[in-house]
Amino acid sequence: MRTRNVGTTLLVSGALLIGASACAENGASSGSSAAKPRTITAVEGCGKGSWTDPSDLSPDRKPARCAAGAPAPVELARTRKLTIATGTLSAEYVAPLEMAVEKGEFKKEGLDITLKVLPTPDALPLLAKGDIDAQWAAPEAAVMNGILGGFDIKWVAGNFSPDPKSKSGLWVRLKDGQSAAQVEMAGRKMGTMIGKGSVISYPMNTALKKHGGGLDKIQFQQLGSADVLTALQNGGVDSAWLLDPVWRKVDGDRRYAFLGGQPQGEPLGGLLFGPKLLKDDPDAGVALLRAYIRTVNTYFPGDYKKDPALVTELAGLLKTDKDVLESTPSLRMDWEIRGGTTDRLQAAYKAAGVADGDPLPESRTVDRKLYEEAVGHTS
């Protein structure tokens, strides 16, 4: 089931922390997500390649994979009705969830799933209170600040990393005599539809530092999605963070240069669980991840855009044009979480001035145990 109820109230960090304190008073805890040790057994079709070392940050790391159709469903004794919040139902990175609903993969696990459109700030307190069960989002600054304030939320599965051919990321308008290798970013004005508290702050900061800049050395101008490219082209901004498929409009034009995007091989978002699936009902949490992982292995194992029938089906699910989908490379769907990603994200949030308090250790922000159980991996 899919709904498109869009929340409109944007919560500031202070409001998030007030809500977090209330949750803590009502019994929410930020401790270990595993109330009891869980038994992990081998899973047919998920062998050695179904898990990769989190410390492997190689750009060419092959994402974990099981055989198509694996891990097989394990239907729960009773049906669980779960709600997953997502900021959009039209972005390509949401496709595995929508495909899992469309193909009945969640139902095979005994899950009745509703995908509900909610902005991250609106969804976070609902997730912490258990009013929604999971969130398809990213460990943004608001998430880190919420956890710091008492929210019992963890990042439990990744979503994707970019194809090497993708040029979604930081683009700059070159001045006379400049090239991609010789352009200074300090003092430049950047147009972006994404705020400083987004996970994109991490790769953005990395790209800027390679060119004498940094989040603290540039001017930000937040613009609507339709205005970012226009501002770059007409000189309203010097640089811009261009997403799929907008970057195709300047690719190949010598007046512009691509300076870098999301790290290859490192997902920056995916599924967030609250206390309900982390502690109260981890069986349902594992079932949800098992269905998601099976969908990736079955429908998105590699370059899925080579399959015209699948692209047509995706265009229908995402309500977008097939030609638009085909204009950019396939995403590398990846359910795993790399080691240290939340450390690097928090460093970027601090540089951007949107982080509250001291950095949180990974043990407070990430839980890999549920997806490892789903594929039968034991440490």
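Residues numbered from 1 in each chain as written. Predicted model: local features only at pLDDT ≥ 70, side-chain atom pairs only at ≥ 80, totals over all residues. Heavy atoms only, no water.

1. As for unusual backbone geometry
- For the bond from A70 to P71, the omega torsion is -5 degrees, close enough to zero to count as cis.
- Looking at the element boundaries, P71 is found in the loop between α1 (13-25) and β2 (80-86).
- Cis geometry is found at the peptide bond from D244 to P245, where omega equals -10 degrees.
- In this fold, P245 is placed in the loop between β10 (239-242) and β11 (256-261).
- With phi around 55 degrees, K319 is a residue other than glycine that occupies positive phi space.
- Assignment of secondary structure puts K319 in the loop between α10 (308-318) and α11 (322-326).
- K319 sits in the exposed class, given a relative accessible area of 60%. (Helix = DSSP H or I, 4+ residues; strand = E, 2+ residues; numbered from the N terminus. Buried < 20%, exposed > 50% of the residue type's maximum accessible area, 1.4 Å probe, protein only.)

2. What about the state of the cysteines?
- Taken as a whole and judged by the stated rule, the model has one disulfide.
- Covalently, C46 is tied to C66 through a disulfide, its sulfur atoms 2.1 Å apart. Around the S-S axis, the bridge from C46 to C66 shows a dihedral of about 110 degrees and counts as right-handed. Within this pair, whereas C46 is found in the loop between α1 and β2, its partner C66 is found in the loop between α1 and β2, the two being separated by 20 residues in sequence. (Disulfide = S-S within 2.5 Å.)

3. Quick word on helix α12 (residues 341-352)
- Here α12 is twelve residues long and its end C-alpha atoms lie 17 Å apart, about the 16 Å a rise of 1.5 Å per residue gives.
- Buried within α12 are the following residues: T341, T342, L345, Q346, A348, Y349 and A352. For α12, the buried positions fall inside an angular range of 160 degrees around the axis, keeping them on one side.
- Looking one or two places after α12, you find G353, whose phi comes out positive at around 80 degrees. (Expected span 1.5 Å × (residues − 1). Arc of directions from axis to C-beta.)

4. Describing the pattern of salt bridges
- Applying the stated rule across the entire model yields 21 salt bridges.
- Note that E92 is salt-bridged to K305, the shortest N-O span being 3.1 Å. Remark: K305 occurs in the loop between α9 (282-299) and α10 and E92 occurs in the loop between β2 and α2 (95-102); sequence separation between them is 213 residues. By the burial criterion, E92 is buried, and K305 matches it.
- Note that E336 and R338 form a salt bridge whose closest N and O atoms lie 3.2 Å from each other. You'll find E336 and R338 in the same group, each marked buried.
- One salt-bridge network, held together by shared partners, links E105, K108, E109, R290 and R294. (Salt bridge = Lys/Arg side-chain N within 4 Å of Asp/Glu carboxyl O.)

5. Points about the nonpolar core
- Ranked by internal contacts, the top residues of the largest apolar core, which has 96 residues, are L271, F273 and L288.
- A total of nine residues in this core trace back to one element, the largest contributor, which is α9.
- Once residues within four sequence positions are removed from consideration, L271 is found in contact with I84, A134, Q135, W136, K154, W155, V156, A157, L288, L289 and Y292.
- Formed by twelve residues, the second largest nonpolar core is a distinct cluster that contains V228, V237, L242 and V250. (Core = buried A, V, L, I, M, F, W, Y, C linked by side-chain atoms within 4.5 Å. Contact = heavy atoms within 4.5 Å.)

6. Concerning the pairing of strand β7 (residues 169-173)
- Counting buried residues along β7, four of its five residues qualify, which places the element largely inside the surrounding structure.
- As defined by bridge partners, β7 adjoins β10 across four bridges and the pair is classed as antiparallel. Following the sheet pairing, G169 is matched in β10 by L242. (Pairing = 2+ DSSP bridges.)

7. Quick look at the environment of E109
- One can find E109 in the loop between α3 (105-108) and β3 (111-117).
- A relative accessible area of 0% means that E109 is categorised as buried.
- For the pair E109 and E44, spaced 65 residues apart in sequence, the C-alpha to C-alpha distance is 16 Å.
- If we ignore the near neighbours within four places in the chain, the residues touching E109 are A72, P73, V74, E75, L76, A287, R290, A291 and R294.
- Of note is the side chain of E109, whose polar atom sits 2.8 Å from the side chain of R294. (Polar contact = N/O pair within 3.5 Å; in protein donor to acceptor, adjacent residues only side chain to side chain.)

8. Regarding the packing of aromatic side chains
- The tally for this structure, following the rule as stated, stands at four aromatic pairs.
- Considering the side-chain rings of W171 and F258, the 5.5 Å spacing of their centres and the 45 degrees angle between planes classify their relative orientation as tilted. Of this pair, W171 sits in strand β7 while F258 is found in strand β11, placing the two residues 87 residues apart along the sequence.
- Relative to Y304, the ring of F300 lies with its centre 5.1 Å away and its plane at 80 degrees, an arrangement referred to as edge-to-face.
- Judged by its relative accessible area of 3%, Y304 is buried. (Phe/Tyr/Trp six-rings, centres within 6.5 Å; stacked < 30°, edge-to-face > 60°.)

9. Observations regarding the packing of helix α6 (residues 201-209) against α12
- Packing of α6 against α12 brings their axes to within 8 Å, and their N-to-C directions diverge by 70 degrees. Considered as vectors, α6 and α12 are oriented roughly perpendicular to each other. Along its contact with α6, which presents S201, Y202 and N205, the element α12 presents R344, L345, A348, Y349 and A351.
- When its residues are assigned to classes, the contact of α6 with α12 shows five nonpolar, two polar and one charged. (Axes fitted to C-alpha atoms, helices over the stretch in contact; angles between N-to-C directions. Parallel < 35°, antiparallel > 145°, perpendicular 65-115°, else oblique. Nonpolar A, V, L, I, M, F, W, Y, C, P; charged D, E, K, R; others polar.)

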